[in-house]
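Below, each chain spelled out in residue letters.
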Amino acid sequence: MKEKLKYFLLQHCRRVCLTSDVWTSPQNVSYMCVTTHFIDNDWNLLKKILNFCQVRSHTGEAMAKFVELCLNEWRLNHVLSLTVDNASANDTGIQLLKKKLLCWNNLVLKMKEYSCVVEHIS
């Protein structure tokens, strides 16, 4: 199934949006999940879990390495976005991943920095 999905992604996936999260279970075991979201050639919005596994660390460096390995394993190098929660370690992880993706020369926005303010409506 994994090889079929790899082939499908290579054929139908031009850009991916990723989500990633790390959490600790009540048994004190840490897990990380990486999910890809994309539009296929028929304009269907799809999402697939790429990896869900136990991790030893919640650091930004560990997160960046895990996502990089996941992207390499799935042969996905055209990342449009990566959504994470507001854990402070994610700031470091995002910066490390950005450098890696810039080296791959596959970032849509290249070096442009954009900030977005989200307003909550009461």
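Residues numbered from 1 in each chain as written. Predicted model: local features only at pLDDT ≥ 70, side-chain atom pairs only at ≥ 80, totals over all residues. Heavy atoms only, no water.

Let's talk about the confidence of the model for the protein
Let me state the cut-off plainly: Residue-level confidence of the predictor, termed pLDDT, takes values from 0 up to 100. The criterion used for residue contact is that any of the two residues' heavy atoms lie within 4.5 Å.
Averaged over all residues, the pLDDT of the protein is 84; the fraction at 70 or higher stands at 86%. Within the model, the stretch residues 113–122 combines pLDDT values under 50 with two contacts to residues more than four positions away or in other chains.

Some points on the environment of Leu-80
Spelled out, the test is: To qualify as a helix, a DSSP run of H or I must reach at least 4 residues; to qualify as a strand, a run of E must reach at least 2; elements of each kind are numbered from the N terminus. The rule is simple: take the accessible area with a 1.4 Å probe, protein chains only, and divide by the maximum for that residue type; under 20% is buried, over 50% is exposed, in between is partly exposed.
Assignment of secondary structure puts Leu-80 in strand 4 (residues 79–83). Under the relative-accessibility criterion, Leu-80 is labelled partly exposed at 47%. Distance from Leu-80 to His-37, taken between C-alpha atoms, is 10.0 Å for residues 43 residues apart in sequence.

Remarks on the packing of aromatic side chains
How we decide: Put simply, two rings from Phe, Tyr or Trp (the six-membered ring, in Trp's case) pair if the centres are within 6.5 Å, and we call them stacked under 30 degrees between planes, edge-to-face over 60, tilted for the rest.
Across all of its chains, the model carries three aromatic pairs by this definition. With 6.3 Å between their ring centres and 55° between their planes, Phe-8 and Phe-38 make a pair best called tilted. Of this pair, Phe-8 sits in helix 1 (residues 2–12) while Phe-38 sits in strand 2 (residues 30–39), and the two are 30 residues apart along the sequence. Judged by its relative accessible area of 27%, Phe-8 falls in the partly exposed class. Taken together through their ring pairs, the aromatic side chains of Trp-23, Tyr-31 and Phe-52 make up a single cluster.

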